[in-house]
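# Structural description and commentary
The lines below spell out each chain.
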Amino acid sequence: MDENIKLNVTSENGIVEIRTGEALPLFNPMDFNVEGQLKCVAEYIAQNYARAKQGSRFENAVVLIDKKKNKIEFIDNVKAAYGQVNIIGILIENPDLKIFGINKGITFNKQEIQQRLRQNAILFKDFDQVKKLINALDELQLTTEETIKDVQDKRGNVDQAFKRTVRDAKGLLPEYIELHTHLYEGFEKVSLKLEIEVDLDGRMPVYSFYCLELDLMLEQNKIKAFDECVTEQMINDFTVLTIS
């Protein structure tokens, strides 16, 4: 069925250009997705949003807080079909903490420890302390104390418990060495006292590192990091939802 379409066209210069063919596809803005350190959400909002007037807010913009998954997420318009801005900030534990297997019961021989100390001396508060430990490992003499005692359970059964304690004969090993590094990427450095334990693997001395306060400090610094990264602007101007 033919249809007659009437158009009224005006032109300021008296020239009208007519083009034929298929129309260009509609332009749909692309989504913008970024993932970075935990503080990147607060940084994006501070640099791209003026403070809302008192009593108003950006109603379609949402900040999602997920402490279980260690992340903060910002969505600029939850109703948008396209062109959505999505910023995810993640709390990232410093991978350098894994170098010494702290509190994991991981043991290292002398050469492995010396190599790790040399390659990661920048992580320590006192370089001289690191040098002394490297030298002490070369000069170390160990003694063992063996203890056997009878252990009786509640049923009257007697068993023998064997305990071997390895000691530094010359007292060359320091009581602890002190790390000075980030617990989480992008946040301030803290000091950690690493205790050195010595054991024997056969006749070979092996070493492991422990820090009794590490788990507590990780949790305390996690709470502090989230407190710093959920800003007053976010709370007042956006919908903030705590997921976990």
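Coordinates for the structure precede this section.
Residues numbered from 1 in each chain as written. Predicted model: local features only at pLDDT ≥ 70, side-chain atom pairs only at ≥ 80, totals over all residues. Heavy atoms only, no water.

Here the focus is the environment of Leu 183. Tracing the sequence through the fold places Leu 183 in the loop between strand 7 (176-182) and strand 8 (189-201). Remark: the alpha-carbon pair of Leu 183 and Leu 214, spanning 31 residues in sequence, is separated by 9.2 Å. Once residues lying within four places of it in the same chain are set aside, the contact partners of Leu 183 are Ile 92, Glu 93, Asn 94, Leu 97, Val 190, Leu 192, Leu 214, Met 217, Leu 218 and Asn 221. (Helix = DSSP H or I, 4+ residues; strand = E, 2+ residues; numbered from the N terminus. Contact = heavy atoms within 4.5 Å.)

On to the sheet that holds strand 8, then. Strand pairing in a sheet takes place through backbone hydrogen bonds and is either antiparallel or parallel in direction. Spatial strand order, 7-8-9: 3 strands in an open sheet with antiparallel pairing. At either margin of the open sheet sits one strand with a lone partner, and together these are strand 7 and strand 9 (204-210). Strand-to-strand twist across the sheet, computed as the mean angle between neighbouring axes with direction ignored, equals 35°. The pairing of strand 7 with strand 8 spans 7 bridges and is antiparallel. In the sheet register, His 180 faces strand 8, and the bridge partner there is Ser 191. Helix 3 (residues 127-139) rests against strand 7, strand 8 and strand 9 of the sheet, and its axis sits at about 135° to strand 7. (Pairing = 2+ DSSP bridges. Axes fitted to C-alpha atoms, helices over the stretch in contact; angles between N-to-C directions.)

With that settled, the discussion passes to the sheet that holds strand 1 (residues 32-37). Taking strand neighbours across the sheet as the criterion, the 5 strands line up as 1-4-3-2-10 in an open arrangement whose pairing is mixed. Edge positions in the sheet fall to strand 1 and strand 10 (239-242), since each has one partner strand and no second. Direction aside, the axes of adjacent strands within the sheet are offset by 15° on average. By the bridge criterion, 4 bridges tie strand 2 (residues 62-66) to strand 10 in an arrangement that is parallel. Bridge assignment links Ile 65 to a residue of strand 10, and that residue is Thr 242.

Right, let's get into unusual backbone geometry. In the Ramachandran plot, Asn 70 falls in the positive-phi region, its phi being about 55° despite a non-glycine side chain. With respect to the helices, strands and loops of the structure, Asn 70 is situated in the loop between strand 2 and strand 3 (71-75). In the Ramachandran plot, Asn 103 falls in the positive-phi region, its phi being about 65° despite a non-glycine side chain. If you trace the backbone, Asn 103 turns up in the loop between strand 4 (85-90) and helix 2 (110-119).

Let's shift gears to the nonpolar core. In this structure, Ile 72, Phe 74, Leu 117, Leu 183 and Leu 192 are the most contacted members of the largest nonpolar core, which totals 51 residues. If one sorts the elements of this core by residue count, helix 4 (residues 214-229) sits on top with 6 residues. Phe 74 has contacts with Val 41, Tyr 44, Ile 45, Tyr 49, Ala 61, Val 62, Val 63, Val 85, Asn 86, Ile 87 and Phe 238, leaving out every residue within four places of it along the chain. (Core = buried A, V, L, I, M, F, W, Y, C linked by side-chain atoms within 4.5 Å. Buried < 20%, exposed > 50% of the residue type's maximum accessible area, 1.4 Å probe, protein only.)

Interpretation in functional terms is not warranted from these geometric data alone.
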